Amino acid sequence: MSNVKTIEWKDDTLVLIDCTKLPVEEKYIECKEYSTLCKAIKVLSVRGAPAIGVSAAYGVVLAAIQAQKETSTKEEYFKFINNAIKELSSTRPTAVNLFWALDRMKKKLDTLNELEKDIIKDKLLEEANKIYKEDIECNMAIGKHGNDVVLENASILTHCNAGALATAGYGTALSVIRYAHSSGKNIKVYADETRPLLQGSRLTAWELVKEGIPTTLITDNMAGYAMKLGKIDMVIFGADRITLNGDVANKIGSYSVAVLAKEHGIPVYAAAPLSTIDISLTDGDEIPIEERNKNEVRQLFGVQTAPNDVDTFNPAFDVTPHKYITGIITEVGILRPPYNLSIPKAFKIKEEIMKDKE
Ligand code: MRU
């Protein structure tokens, strides 16, 4: 089980572990204003699709608290919050969980027009808490379902960080790993370092070593050779956005890993909650891919590793076509191809589950 606290709501403050400081320091950022959160998302202090979505939901609550202090009329109050929602949604373009969570908060807000400001804030907080709790529940279910495809003694390659640090808790890909490990399977993990920002070495290795899960760190360019040597039995990574046909956007390098895995006959699973599936998009070409600062490639955390004037290409994500994806591990089970049939079916199952819960 994970003992990492990535996101916490405490005394009208959103407290986030600062992923940019790990693994050297365990520091926390206190967001009292939504603009502090916007900055934290942009610089990747909070990152990972579900964590971005959950924290943005709390960002709307921060905006409501600020609006209560900084505006007088009801019209100004709602304008302030709606403007905050717009700003939050412009922080990063690829992970759909951000838009999914903000859309849910906006829909909630639109039902609260007639209420007192204090009550509105309480209702928004209730909704954000629900999003937080549901994320943890989804991740635990992902771990349980995913365990079905993890063999005894499996050696699992993962890319980037799809762990507790990328979600409200437990993680997606790492939830499967956590579940398999705690159920007594003798598994081990190969963690890709994940250039340029090293989420694999800084975050995944940190989470797994902390929990005593056997982990071997490799640089990204070692994955193919490790597969050739028979060191990898399966690949599990997370997702930032999945389209209706099962194409998967995830951290840059995931596509290369998936192509290599196919060549070596190794299954590739994407682990993600249904909130990461964007059924409004038919295929991966429609996913907006974030391009980040060129210096992230020229430098390694401020240390120059290339000539200043060399041009670079720095997409933060790539898209793995669905033909490379063996299955998508979700909270309602493992989806199999053809995804344009299994994905809508999964949404129907989820709808039924949610109805039963009400
Ligand atoms: O740029 P990041 O660190 O936000 O990228 C994160 C990833 O690509 C993760 O694999 C993905 O969001 C899934 S997290 C459960």
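Residues numbered from 1 in each chain as written. Predicted model: local features only at pLDDT ≥ 70, side-chain atom pairs only at ≥ 80, totals over all residues. Heavy atoms only, no water.

**Observations regarding the sheet that holds strand β1 (residues 7–10)**
To keep things clear, this is the line we draw: Here, any two strands with at least 2 DSSP bridges between them count as paired. Strands here are runs of E lasting at least two residues and helices are runs of H or I lasting at least four, both read from the DSSP assignment and numbered beginning at the N terminus. To obtain an axis, a line is fitted to C-alpha atoms, over the contacting stretch when the element is a helix, and the angle between two such axes runs from 0 to 180 degrees between their N-to-C directions. Residues are treated as being in contact if the distance between any of their heavy atoms lies within 4.5 Å.
The three strands lie next to each other as β1-β2-β3, forming an open sheet whose pairing is antiparallel. Lying at the two open borders of the sheet, with one neighbouring strand each, are β1 and β3 (28–31). Direction aside, neighbouring strands of the sheet carry axes that sit 25 degrees apart on average. Relative to β3, strand β2 (residues 13–17) runs antiparallel, the two sharing four bridges. Considered in β3, the bridge of Leu-14 is made with Cys-31. Lying over the sheet, helix α2 (residues 49–70) contacts β1, β2 and β3, oriented at roughly 20 degrees with respect to β1.

**What to know about the packing of α2 against helix α5 (residues 117–146)**
Let me state the cut-off plainly: Between 65 and 115 degrees an angle is taken as roughly perpendicular, under 35 as roughly parallel, over 145 as roughly antiparallel, and anywhere else as oblique. Charged residues are taken to be Asp, Glu, Lys and Arg, nonpolar residues to be Ala, Val, Leu, Ile, Met, Phe, Trp, Tyr, Cys and Pro, and polar residues to be all remaining types, Gly included.
In contact at an axis separation of 9 Å, α2 and α5 are set at 170 degrees when each is read in the N-to-C sense. Accordingly, the angle class assigned to the pair α2 and α5 is roughly antiparallel. On α5, the residues touching Pro-50, Val-54, Ala-57, Tyr-58, Val-60, Val-61, Ala-64, Ile-65 and Gln-68 of α2 are Lys-117, Asp-118, Lys-121, Leu-124, Leu-125, Ala-128, Asn-129, Ile-131, Tyr-132 and Asp-135. Looking at side-chain class alone, the contact of α2 with α5 contains 13 nonpolar, two polar and four charged residues.

**Re the sheet that holds strand β11 (residues 277–278)**
The strand order across the open sheet built from four strands is β11-β8-β9-β14, with neighbouring strands paired in mixed fashion. This sheet does not close on itself; its edge strands, each paired only once, are β11 and β14 (317–320). Looking at chain direction, strand β9 (residues 248–251) and β14 are connected through four bridges and run antiparallel. For Asn-250, the partnering residue across the bridge sits in β14 and is Asp-318. Sheet strands in contact with helix α9 (residues 254–263) are β9 and β14, and its direction is about 30 degrees off that of β14.

**Here's the deal with the side chain of Lys-185**
Note the threshold: Relative accessibility thresholds used throughout: buried, under 20% of the residue-type maximum; exposed, over 50%; partly exposed, between the two (1.4 Å probe, protein chains only). None of His or the chain ends enter the tally, which takes Lys and Arg as positive and Asp and Glu as negative. Salt bridges are counted wherever a side-chain nitrogen of Lys or Arg sits within 4 Å of a carboxyl oxygen of Asp or Glu.
With respect to the helices and strands, the residue Lys-185 is situated in the loop between α6 (173–182) and β5 (188–192). Notably, Lys-185 is buried but unbridged: the nearest opposite-charge side chain belongs to Asp-148, and the N-O separation is 6.5 Å. Setting aside residues up to four positions removed in sequence, Lys-185 forms contacts with Asn-147, Val-150, Leu-151, Glu-152 and Ala-180.

**Topic: unusual backbone geometry**
Residue Pro-196 follows Arg-195 across a cis peptide bond; omega there is 5 degrees. One non-glycine residue, Phe-301, adopts positive backbone phi at about 50 degrees. As for its placement among the helices and strands, Phe-301 is situated in the loop between β12 (299–300) and β13 (303–304).

**Focus: the UniProt feature "site: Transition state stabilizer" (unreviewed entry) in the chain**
Going by this rule: UniProt positions are given in the numbering used here, feature names are shortened, and annotations may be inferred rather than shown by experiment.
Under the present numbering, the feature "site: Transition state stabilizer" (unreviewed entry) in UniProt falls on Cys-160. Within the secondary structure layout, Cys-160 lies in the loop between β4 (155–158) and α6. Relative accessible area serves as the criterion here: at 7%, Cys-160 is assigned to the buried category. Setting aside residues up to four positions removed in sequence, Cys-160 forms contacts with Arg-47, Asp-192, Thr-194, Gln-199, Gly-200, Thr-204 and Lys-251.

**Observations regarding the domain arrangement of the chain**
The following threshold applies: For the domain bounds, the source is a domain assignment made automatically or taken from a database. Summed over both partners, the accessible surface that disappears when two parts come together, traced with a 1.4 Å probe, is what is meant by buried area.
The domain architecture assigned to the chain consists of domain 1 (7–140) and domain 2 (143–357). Residue-level contacts link 32 residues of domain 1 with 39 residues of domain 2. Between domain 1 and domain 2 the total buried area reaches about 2,700 Å² when both faces are included, carbon and sulfur atoms providing 55% of it. Looking at the side of domain 1 facing domain 2, the largest losses of area belong to Arg-47, Thr-94 and Asn-139, adding up to 23% of the total buried there.

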